[in-house]
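Understanding the architecture of this molecule
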Amino acid sequence: MTSPGPLDPQTLRPSDGPEGPTDPGAFDLSSYAAALPRPEALSAEQFLPVLRPGQFSELLEDLSGELQLVPDEAARSALTSRARILRLNVDQYRINYDAARTTLDRVLAETGVGVRGSWARQQDHLNFMNVASGDVEREYLKATEEIEAARQGRFEALTRHGVRPDVNSAEGFYHEQALAELAREGHALRPPEGRSGSKKVFNAFAVFSKFFVGIISGVSINLLFNPESRLYMTVIALTAGIMFSVLLLWLVDELAYRAKLATRTQGMARPIAYIGGIVAVTALYLGVEGYLNWDGILRVTQQIAANAAQQGQLTDLSAASDTPVEPQHWSLLTFTLALVSMAAGAALIQGRERARILLERERLASKVAELKVEGRYAEAARATDHVTYLEMARDRLAPPRDVTSPDHARLNERVLSHWEQERDGQVQRIAADLVREARAVQDALEAFAQDLTGAKHPQTRRGFGFL
(Lines give C-alpha, C1' and ligand atoms only; values in the text may rest on other atoms or scores of the structure.)
Protein backbone atom coordinates (compact mmCIF):
# COMPACT_ATOMS: atom_id res chain seq x y z
CA MET A 1 0.00 0.00 0.00
CA THR A 2 1.49 3.32 -1.11
CA SER A 3 1.69 6.22 1.30
CA PRO A 4 -0.15 9.42 0.36
CA GLY A 5 1.86 12.25 -1.15
CA PRO A 6 2.55 15.61 0.48
CA LEU A 7 -0.43 17.24 -1.20
CA ASP A 8 -2.72 14.19 -0.98
CA PRO A 9 -6.03 15.20 0.69
CA GLN A 10 -5.95 11.87 2.51
CA THR A 11 -2.81 12.89 4.42
CA LEU A 12 -3.29 12.38 8.15
CA ARG A 13 -3.42 15.50 10.28
CA PRO A 14 -1.13 15.88 13.30
CA SER A 15 -4.06 15.23 15.60
CA ASP A 16 -5.13 12.06 13.73
CA GLY A 17 -4.17 8.69 15.08
CA PRO A 18 -3.97 5.37 13.32
CA GLU A 19 -7.65 4.76 14.05
CA GLY A 20 -8.76 8.07 12.60
CA PRO A 21 -9.27 11.64 13.81
CA THR A 22 -9.62 11.91 17.57
CA ASP A 23 -10.93 15.47 17.64
CA PRO A 24 -13.27 16.76 14.89
CA GLY A 25 -12.31 20.37 15.69
CA ALA A 26 -8.56 19.78 15.64
CA PHE A 27 -6.25 21.92 13.55
CA ASP A 28 -6.26 20.92 9.88
CA LEU A 29 -2.85 21.30 8.26
CA SER A 30 -4.32 20.85 4.76
CA SER A 31 -5.85 24.33 5.02
CA TYR A 32 -2.30 25.67 4.81
CA ALA A 33 -1.51 23.86 1.51
CA ALA A 34 0.99 25.73 -0.67
CA ALA A 35 -0.54 27.89 -3.39
CA LEU A 36 2.58 27.70 -5.57
CA PRO A 37 2.00 25.54 -8.71
CA ARG A 38 4.52 22.97 -9.79
CA PRO A 39 6.30 23.79 -13.09
CA GLU A 40 5.93 21.20 -15.84
CA ALA A 41 8.68 20.03 -18.17
CA LEU A 42 9.09 22.19 -21.29
CA SER A 43 9.80 21.01 -24.83
CA ALA A 44 11.23 22.89 -27.81
CA GLU A 45 8.07 22.32 -29.90
CA GLN A 46 6.11 24.52 -27.48
CA PHE A 47 8.20 27.51 -28.53
CA LEU A 48 8.29 26.85 -32.35
CA PRO A 49 5.11 28.50 -33.77
CA VAL A 50 5.90 27.41 -37.36
CA LEU A 51 5.04 24.57 -39.74
CA ARG A 52 7.27 21.54 -39.80
CA PRO A 53 9.64 21.16 -42.78
CA GLY A 54 7.81 17.98 -43.87
CA GLN A 55 4.64 19.96 -44.59
CA PHE A 56 6.53 22.37 -46.85
CA SER A 57 8.17 19.35 -48.58
CA GLU A 58 4.79 17.70 -49.21
CA LEU A 59 3.41 20.92 -50.68
CA LEU A 60 6.43 21.31 -52.94
CA GLU A 61 6.10 17.68 -54.09
CA ASP A 62 2.47 18.20 -54.97
CA LEU A 63 3.26 21.37 -56.90
CA SER A 64 6.18 19.71 -58.71
CA GLY A 65 3.86 16.89 -59.83
CA GLU A 66 1.67 19.43 -61.60
CA LEU A 67 4.49 20.81 -63.76
CA GLN A 68 3.75 18.27 -66.55
CA LEU A 69 0.35 19.87 -66.94
CA VAL A 70 1.89 23.10 -68.18
CA PRO A 71 1.42 23.21 -71.97
CA ASP A 72 4.10 25.80 -72.69
CA GLU A 73 7.56 24.27 -72.81
CA ALA A 74 9.40 27.45 -71.89
CA ALA A 75 7.11 28.14 -68.89
CA ARG A 76 7.44 24.54 -67.74
CA SER A 77 11.25 24.76 -67.88
CA ALA A 78 11.26 28.02 -65.88
CA LEU A 79 8.88 26.64 -63.25
CA THR A 80 10.99 23.45 -62.94
CA SER A 81 14.04 25.58 -62.19
CA ARG A 82 12.08 27.52 -59.54
CA ALA A 83 10.91 24.23 -58.01
CA ARG A 84 14.51 23.04 -57.67
CA ILE A 85 15.48 26.33 -55.97
CA LEU A 86 12.47 26.06 -53.67
CA ARG A 87 13.52 22.52 -52.75
CA LEU A 88 16.90 23.88 -51.72
CA ASN A 89 15.11 26.54 -49.65
CA VAL A 90 12.94 23.92 -48.00
CA ASP A 91 16.00 21.77 -47.25
CA GLN A 92 17.75 24.79 -45.76
CA TYR A 93 14.65 25.49 -43.69
CA ARG A 94 14.71 21.88 -42.46
CA ILE A 95 18.34 22.29 -41.41
CA ASN A 96 17.61 25.58 -39.63
CA TYR A 97 14.52 24.07 -38.00
CA ASP A 98 16.53 21.18 -36.62
CA ALA A 99 19.27 23.54 -35.43
CA ALA A 100 16.71 25.80 -33.73
CA ARG A 101 15.07 22.85 -32.03
CA THR A 102 18.47 21.59 -30.83
CA THR A 103 19.38 25.05 -29.57
CA LEU A 104 16.05 25.38 -27.79
CA ASP A 105 16.52 21.98 -26.16
CA ARG A 106 19.92 23.11 -24.91
CA VAL A 107 18.56 26.46 -23.67
CA LEU A 108 15.63 24.81 -21.93
CA ALA A 109 17.94 22.24 -20.37
CA GLU A 110 20.35 24.90 -19.10
CA THR A 111 17.75 27.30 -17.79
CA GLY A 112 15.45 24.52 -16.60
CA VAL A 113 17.93 23.48 -13.95
CA GLY A 114 17.92 26.96 -12.46
CA VAL A 115 14.16 27.37 -12.79
CA ARG A 116 13.37 23.99 -11.26
CA GLY A 117 15.88 24.55 -8.46
CA SER A 118 14.39 27.96 -7.67
CA TRP A 119 10.87 26.58 -7.78
CA ALA A 120 11.87 23.73 -5.50
CA ARG A 121 13.42 26.14 -3.00
CA GLN A 122 10.32 28.33 -3.13
CA GLN A 123 8.16 25.28 -2.55
CA ASP A 124 10.30 24.20 0.40
CA HIS A 125 10.08 27.69 1.83
CA LEU A 126 6.28 27.75 1.52
CA ASN A 127 5.97 24.31 3.06
CA PHE A 128 8.21 25.30 5.94
CA MET A 129 6.40 28.59 6.59
CA ASN A 130 3.01 26.87 6.39
CA VAL A 131 4.03 24.25 8.92
CA ALA A 132 5.65 26.90 11.14
CA SER A 133 2.54 29.11 10.92
CA GLY A 134 0.36 26.16 11.90
CA ASP A 135 2.59 25.40 14.88
CA VAL A 136 2.60 29.04 15.95
CA GLU A 137 -1.18 29.23 15.63
CA ARG A 138 -1.62 26.19 17.82
CA GLU A 139 0.83 27.57 20.37
CA TYR A 140 -0.89 30.98 20.29
CA LEU A 141 -4.32 29.45 20.92
CA LYS A 142 -2.90 27.34 23.72
CA ALA A 143 -1.19 30.39 25.27
CA THR A 144 -4.45 32.36 25.04
CA GLU A 145 -6.30 29.63 26.90
CA GLU A 146 -3.62 29.60 29.59
CA ILE A 147 -3.86 33.39 29.93
CA GLU A 148 -7.63 33.24 30.37
CA ALA A 149 -7.24 30.58 33.06
CA ALA A 150 -4.55 32.69 34.77
CA ARG A 151 -6.82 35.75 34.68
CA GLN A 152 -9.57 33.75 36.36
CA GLY A 153 -7.12 32.61 39.02
CA ARG A 154 -5.90 36.18 39.53
CA PHE A 155 -9.46 37.44 39.98
CA GLU A 156 -10.20 34.78 42.57
CA ALA A 157 -6.94 35.46 44.45
CA LEU A 158 -7.52 39.23 44.52
CA THR A 159 -11.14 38.98 45.66
CA ARG A 160 -10.17 36.44 48.32
CA HIS A 161 -7.76 38.97 49.89
CA GLY A 162 -10.04 41.98 49.40
CA VAL A 163 -7.93 43.72 46.73
CA ARG A 164 -9.34 45.58 43.73
CA PRO A 165 -9.63 43.28 40.68
CA ASP A 166 -7.88 45.79 38.38
CA VAL A 167 -4.49 45.20 40.07
CA ASN A 168 -2.33 43.44 37.46
CA SER A 169 1.09 43.04 39.11
CA ALA A 170 2.56 41.54 42.26
CA GLU A 171 4.05 44.90 43.23
CA GLY A 172 0.63 46.54 43.04
CA PHE A 173 -0.86 43.70 45.09
CA TYR A 174 1.75 44.13 47.85
CA HIS A 175 1.22 47.89 47.71
CA GLU A 176 -2.51 47.50 48.32
CA GLN A 177 -1.93 45.00 51.11
CA ALA A 178 0.62 47.28 52.78
CA LEU A 179 -1.82 50.19 52.66
CA ALA A 180 -4.49 48.02 54.30
CA GLU A 181 -2.06 46.82 56.99
CA LEU A 182 -0.95 50.38 57.81
CA ALA A 183 -4.57 51.54 57.98
CA ARG A 184 -5.38 48.75 60.46
CA GLU A 185 -2.36 49.80 62.54
CA GLY A 186 -3.51 53.45 62.60
CA HIS A 187 -0.94 54.81 60.10
CA ALA A 188 -3.20 55.65 57.20
CA LEU A 189 -1.38 57.39 54.35
CA ARG A 190 -2.65 60.70 53.06
CA PRO A 191 -3.37 61.11 49.36
CA PRO A 192 -0.51 62.48 47.25
CA GLU A 193 -0.24 66.17 46.60
CA GLY A 194 -1.19 65.72 42.97
CA ARG A 195 -4.73 64.67 43.95
CA SER A 196 -5.48 67.75 46.11
CA GLY A 197 -6.16 71.18 44.62
CA SER A 198 -5.52 72.98 47.90
CA LYS A 199 -2.03 71.43 48.09
CA LYS A 200 -1.25 72.76 44.62
CA VAL A 201 -2.45 76.25 45.57
CA PHE A 202 -0.42 76.19 48.79
CA ASN A 203 2.75 75.09 46.99
CA ALA A 204 2.27 77.83 44.40
CA PHE A 205 1.85 80.41 47.22
CA ALA A 206 4.98 79.17 48.99
CA VAL A 207 7.06 79.57 45.83
CA PHE A 208 5.52 82.95 44.98
CA SER A 209 6.03 84.29 48.50
CA LYS A 210 9.79 83.72 48.35
CA PHE A 211 10.13 85.95 45.30
CA PHE A 212 7.54 88.50 46.42
CA VAL A 213 9.19 89.27 49.76
CA GLY A 214 12.50 89.18 47.90
CA ILE A 215 11.27 91.99 45.66
CA ILE A 216 10.20 93.92 48.77
CA SER A 217 13.70 93.42 50.21
CA GLY A 218 15.26 94.57 46.95
CA VAL A 219 13.16 97.74 46.92
CA SER A 220 14.17 98.47 50.54
CA ILE A 221 17.86 97.93 49.71
CA ASN A 222 17.49 100.22 46.69
CA LEU A 223 15.97 102.97 48.84
CA LEU A 224 18.73 102.55 51.41
CA PHE A 225 21.83 102.43 49.19
CA ASN A 226 20.68 104.08 45.94
CA PRO A 227 19.35 107.57 46.72
CA GLU A 228 20.11 108.76 43.15
CA SER A 229 18.12 105.87 41.61
CA ARG A 230 20.80 104.66 39.23
CA LEU A 231 19.68 101.83 37.00
CA TYR A 232 22.54 99.41 37.61
CA MET A 233 22.26 99.93 41.38
CA THR A 234 18.51 99.26 41.19
CA VAL A 235 19.12 95.97 39.36
CA ILE A 236 21.77 94.97 41.89
CA ALA A 237 19.52 95.84 44.81
CA LEU A 238 16.56 93.86 43.45
CA THR A 239 18.76 90.82 42.69
CA ALA A 240 20.35 90.94 46.15
CA GLY A 241 16.93 91.16 47.85
CA ILE A 242 15.53 88.20 45.90
CA MET A 243 18.64 86.07 46.55
CA PHE A 244 18.58 86.96 50.26
CA SER A 245 14.89 86.06 50.62
CA VAL A 246 15.01 82.84 48.58
CA LEU A 247 18.15 81.62 50.36
CA LEU A 248 16.84 82.20 53.89
CA LEU A 249 13.40 80.75 53.12
CA TRP A 250 15.03 77.70 51.51
CA LEU A 251 17.12 77.36 54.67
CA VAL A 252 13.95 77.42 56.78
CA ASP A 253 12.44 74.75 54.49
CA GLU A 254 15.50 72.52 54.75
CA LEU A 255 15.82 72.88 58.53
CA ALA A 256 12.14 71.98 58.98
CA TYR A 257 12.66 68.96 56.71
CA ARG A 258 15.66 67.77 58.73
CA ALA A 259 13.91 68.41 62.06
CA LYS A 260 11.05 66.14 60.94
CA LEU A 261 13.41 63.39 59.77
CA ALA A 262 15.68 63.57 62.81
CA THR A 263 13.25 61.54 64.92
CA ARG A 264 13.34 58.56 62.51
CA THR A 265 16.80 58.72 60.92
CA GLN A 266 20.03 57.67 62.55
CA GLY A 267 23.16 59.81 62.29
CA MET A 268 21.33 63.15 62.38
CA ALA A 269 21.40 65.81 65.12
CA ARG A 270 18.66 66.16 67.65
CA PRO A 271 15.47 67.88 66.50
CA ILE A 272 15.99 70.70 69.00
CA ALA A 273 19.11 71.77 67.15
CA TYR A 274 17.24 72.14 63.86
CA ILE A 275 14.39 73.92 65.61
CA GLY A 276 16.89 76.38 67.13
CA GLY A 277 18.31 76.95 63.66
CA ILE A 278 14.84 77.69 62.34
CA VAL A 279 14.23 80.23 65.11
CA ALA A 280 17.60 81.91 64.51
CA VAL A 281 17.17 82.15 60.74
CA THR A 282 13.60 83.46 61.11
CA ALA A 283 14.70 86.07 63.67
CA LEU A 284 17.55 87.17 61.38
CA TYR A 285 15.19 87.40 58.45
CA LEU A 286 12.58 89.40 60.34
CA GLY A 287 15.21 91.72 61.85
CA VAL A 288 16.86 92.48 58.52
CA GLU A 289 13.54 92.98 56.77
CA GLY A 290 12.28 95.21 59.60
CA TYR A 291 15.39 97.37 59.53
CA LEU A 292 15.42 97.66 55.75
CA ASN A 293 11.75 98.54 55.51
CA TRP A 294 11.79 100.93 58.49
CA ASP A 295 14.87 102.76 57.25
CA GLY A 296 13.47 102.87 53.75
CA ILE A 297 10.16 104.26 55.00
CA LEU A 298 11.97 107.03 56.88
CA ARG A 299 14.06 107.95 53.86
CA VAL A 300 11.05 108.07 51.58
CA THR A 301 8.98 110.22 53.93
CA GLN A 302 11.90 112.61 54.46
CA GLN A 303 12.43 112.87 50.73
CA ILE A 304 8.73 113.57 50.25
CA ALA A 305 8.84 116.31 52.87
CA ALA A 306 11.93 117.90 51.28
CA ASN A 307 10.35 117.90 47.85
CA ALA A 308 7.18 119.44 49.22
CA ALA A 309 9.16 122.17 51.00
CA GLN A 310 11.02 123.03 47.82
CA GLN A 311 7.76 123.38 45.92
CA GLY A 312 6.26 125.66 48.57
CA GLN A 313 3.56 123.26 49.63
CA LEU A 314 4.57 123.47 53.31
CA THR A 315 3.32 126.84 54.56
CA ASP A 316 4.58 127.17 58.12
CA LEU A 317 8.00 125.55 58.40
CA SER A 318 9.28 128.14 60.94
CA ALA A 319 6.54 127.24 63.38
CA ALA A 320 7.88 123.72 63.61
CA SER A 321 10.09 122.86 66.56
CA ASP A 322 13.79 122.25 66.14
CA THR A 323 13.38 118.60 67.04
CA PRO A 324 12.63 116.69 63.85
CA VAL A 325 9.43 114.81 63.92
CA GLU A 326 9.72 111.37 62.25
CA PRO A 327 6.45 109.88 61.04
CA GLN A 328 5.64 106.50 62.53
CA HIS A 329 4.49 104.21 59.75
CA TRP A 330 3.84 101.22 61.92
CA SER A 331 1.04 99.91 59.77
CA LEU A 332 3.23 99.50 56.66
CA LEU A 333 6.06 97.96 58.67
CA THR A 334 3.68 95.55 60.40
CA PHE A 335 2.18 94.51 57.06
CA THR A 336 5.64 93.88 55.59
CA LEU A 337 6.74 91.82 58.59
CA ALA A 338 3.48 89.87 58.44
CA LEU A 339 4.17 89.01 54.81
CA VAL A 340 7.70 87.91 55.67
CA SER A 341 6.39 85.80 58.59
CA MET A 342 3.82 84.17 56.32
CA ALA A 343 6.52 83.31 53.77
CA ALA A 344 8.72 81.83 56.50
CA GLY A 345 5.75 79.87 57.85
CA ALA A 346 4.94 78.55 54.36
CA ALA A 347 8.53 77.42 53.94
CA LEU A 348 8.37 75.72 57.35
CA ILE A 349 5.15 73.89 56.48
CA GLN A 350 6.47 72.93 53.06
CA GLY A 351 9.60 71.40 54.56
CA ARG A 352 7.64 69.39 57.11
CA GLU A 353 5.20 68.22 54.41
CA ARG A 354 8.08 67.06 52.24
CA ALA A 355 9.52 65.16 55.20
CA ARG A 356 6.12 63.62 55.95
CA ILE A 357 5.75 62.35 52.40
CA LEU A 358 9.22 60.81 52.54
CA LEU A 359 8.52 59.15 55.89
CA GLU A 360 5.20 57.74 54.67
CA ARG A 361 6.90 56.41 51.56
CA GLU A 362 9.60 54.76 53.64
CA ARG A 363 6.97 53.31 55.97
CA LEU A 364 5.06 51.91 53.00
CA ALA A 365 8.21 50.43 51.44
CA SER A 366 9.14 48.88 54.79
CA LYS A 367 5.70 47.32 55.12
CA VAL A 368 5.87 45.95 51.55
CA ALA A 369 9.27 44.41 52.26
CA GLU A 370 7.94 42.93 55.47
CA LEU A 371 4.99 41.33 53.67
CA LYS A 372 7.32 39.88 51.03
CA VAL A 373 9.60 38.38 53.69
CA GLU A 374 6.69 36.87 55.61
CA GLY A 375 5.42 35.10 52.48
CA ARG A 376 1.78 35.16 53.52
CA TYR A 377 0.64 36.45 50.14
CA ALA A 378 3.16 34.65 47.94
CA GLU A 379 0.56 32.56 46.14
CA ALA A 380 -1.71 35.52 45.43
CA ALA A 381 1.22 37.65 44.24
CA ARG A 382 2.42 34.81 41.99
CA ALA A 383 -1.08 34.44 40.54
CA THR A 384 -1.20 38.20 39.91
CA ASP A 385 2.10 38.26 38.02
CA HIS A 386 1.48 34.99 36.18
CA VAL A 387 -0.86 36.67 33.68
CA THR A 388 1.78 39.22 32.66
CA TYR A 389 4.38 36.50 32.29
CA LEU A 390 2.09 34.45 30.02
CA GLU A 391 1.24 37.50 27.91
CA MET A 392 4.93 38.26 27.41
CA ALA A 393 5.55 34.64 26.45
CA ARG A 394 2.71 34.78 23.91
CA ASP A 395 4.07 38.00 22.39
CA ARG A 396 7.38 36.23 21.76
CA LEU A 397 5.75 33.58 19.57
CA ALA A 398 7.09 33.78 15.99
CA PRO A 399 8.02 31.32 13.24
CA PRO A 400 11.58 30.01 13.64
CA ARG A 401 14.26 31.30 11.32
CA ASP A 402 16.48 29.06 9.20
CA VAL A 403 17.82 28.87 5.68
CA THR A 404 14.27 29.24 4.33
CA SER A 405 13.79 32.62 5.95
CA PRO A 406 12.05 35.44 4.04
CA ASP A 407 15.44 36.87 2.99
CA HIS A 408 16.36 33.60 1.32
CA ALA A 409 12.88 33.44 -0.21
CA ARG A 410 13.39 36.85 -1.83
CA LEU A 411 16.80 35.73 -3.07
CA ASN A 412 15.18 32.63 -4.61
CA GLU A 413 12.63 34.86 -6.31
CA ARG A 414 15.39 36.99 -7.84
CA VAL A 415 17.24 33.87 -9.03
CA LEU A 416 14.04 32.46 -10.49
CA SER A 417 13.30 35.73 -12.27
CA HIS A 418 16.84 35.76 -13.71
CA TRP A 419 16.56 32.26 -15.14
CA GLU A 420 13.10 32.90 -16.55
CA GLN A 421 14.23 36.12 -18.23
CA GLU A 422 17.28 34.36 -19.65
CA ARG A 423 15.12 31.54 -21.02
CA ASP A 424 12.46 33.85 -22.47
CA GLY A 425 15.05 36.09 -24.14
CA GLN A 426 16.85 33.27 -25.93
CA VAL A 427 13.64 31.47 -26.85
CA GLN A 428 12.12 34.62 -28.35
CA ARG A 429 15.23 35.38 -30.37
CA ILE A 430 15.49 31.84 -31.81
CA ALA A 431 11.76 31.59 -32.48
CA ALA A 432 11.66 35.01 -34.18
CA ASP A 433 14.47 34.06 -36.60
CA LEU A 434 12.79 30.77 -37.44
CA VAL A 435 9.39 32.44 -37.96
CA ARG A 436 10.88 34.92 -40.43
CA GLU A 437 12.51 32.11 -42.43
CA ALA A 438 9.31 30.01 -42.41
CA ARG A 439 7.33 33.04 -43.58
CA ALA A 440 9.77 33.59 -46.44
CA VAL A 441 9.57 29.94 -47.52
CA GLN A 442 5.79 29.98 -47.31
CA ASP A 443 5.55 33.19 -49.36
CA ALA A 444 7.84 31.71 -51.99
CA LEU A 445 5.71 28.55 -52.19
CA GLU A 446 2.53 30.59 -52.47
CA ALA A 447 4.00 32.66 -55.31
CA PHE A 448 5.17 29.48 -57.05
CA ALA A 449 1.69 27.98 -56.72
CA GLN A 450 0.08 31.08 -58.25
CA ASP A 451 2.53 31.11 -61.18
CA LEU A 452 1.99 27.38 -61.71
CA THR A 453 -1.76 27.87 -61.80
CA GLY A 454 -1.38 30.68 -64.32
CA ALA A 455 0.91 28.56 -66.51
CA LYS A 456 -1.51 25.62 -66.50
CA HIS A 457 -4.42 27.77 -67.61
CA PRO A 458 -3.05 30.45 -69.90
CA GLN A 459 -5.50 33.13 -71.05
CA THR A 460 -5.91 33.22 -74.84
CA ARG A 461 -6.04 36.63 -76.50
CA ARG A 462 -9.18 37.39 -78.46
CA GLY A 463 -8.37 39.44 -81.56
CA PHE A 464 -10.63 41.36 -83.88
CA GLY A 465 -12.77 39.31 -86.23
CA PHE A 466 -11.66 41.11 -89.40
CA LEU A 467 -7.95 40.40 -88.68
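Quick summary incoming for the structure in this document. Keep in mind the model is a prediction, meaning the values are calculated, not measured.

Assigned secondary structure in the protein consists of nine helices and two strands. When burial is assessed residue by residue, the protein has 31% of its 467 residues classed as buried. In the protein, the proportion of contacts linking residues at least 24 apart, taken out of those at least 6 apart, comes to 80%.

Residues I215, V219, L223 and L238 make up a contiguous nonpolar surface patch of roughly 280 Å² in combined accessible area. Top element by residues in the nonpolar patch is helix α4 (residues 197–225). It accounts for three residues. Along the chain, L238 turns up in helix α5 (residues 231–261).

If you walk through the whole model with that rule in mind, you get six aromatic pairs. Between F173 and Y377, the ring centres sit 5.8 Å apart and the planes meet at 70°, which makes this aromatic pair edge-to-face. Separated by 204 residues along the polypeptide, F173 in helix α3 (residues 170–184) and Y377 in the loop between α7 (330–374) and α8 (378–395) bring together distant segments of the chain. On the basis of relative accessibility, which here comes to 11%, the residue Y377 falls in the buried class. Here a set of aromatic residues connected by ring pairs shows up, and it is made of F56, Y93 and Y97.

Thresholds applied
- Residues numbered from 1 in each chain as written.
- Predicted model: local features only at pLDDT ≥ 70, side-chain atom pairs only at ≥ 80, totals over all residues.
- Heavy atoms only, no water.
- Helix = DSSP H or I, 4+ residues; strand = E, 2+ residues; numbered from the N terminus.
- Buried < 20%, exposed > 50% of the residue type's maximum accessible area, 1.4 Å probe, protein only.
- Contact = heavy atoms within 4.5 Å.
- Patch = residues over 30% accessible without salt bridge, like charges linked within 9 Å, V, L, I, M, F, W, Y side chains within 5 Å.
- Areas by Shrake-Rupley, 256 points an atom, 1.4 Å probe, with all protein chains shown as cover.
- Salt bridge = Lys/Arg side-chain N within 4 Å of Asp/Glu carboxyl O.
- Phe/Tyr/Trp six-rings, centres within 6.5 Å; stacked < 30°, edge-to-face > 60°.

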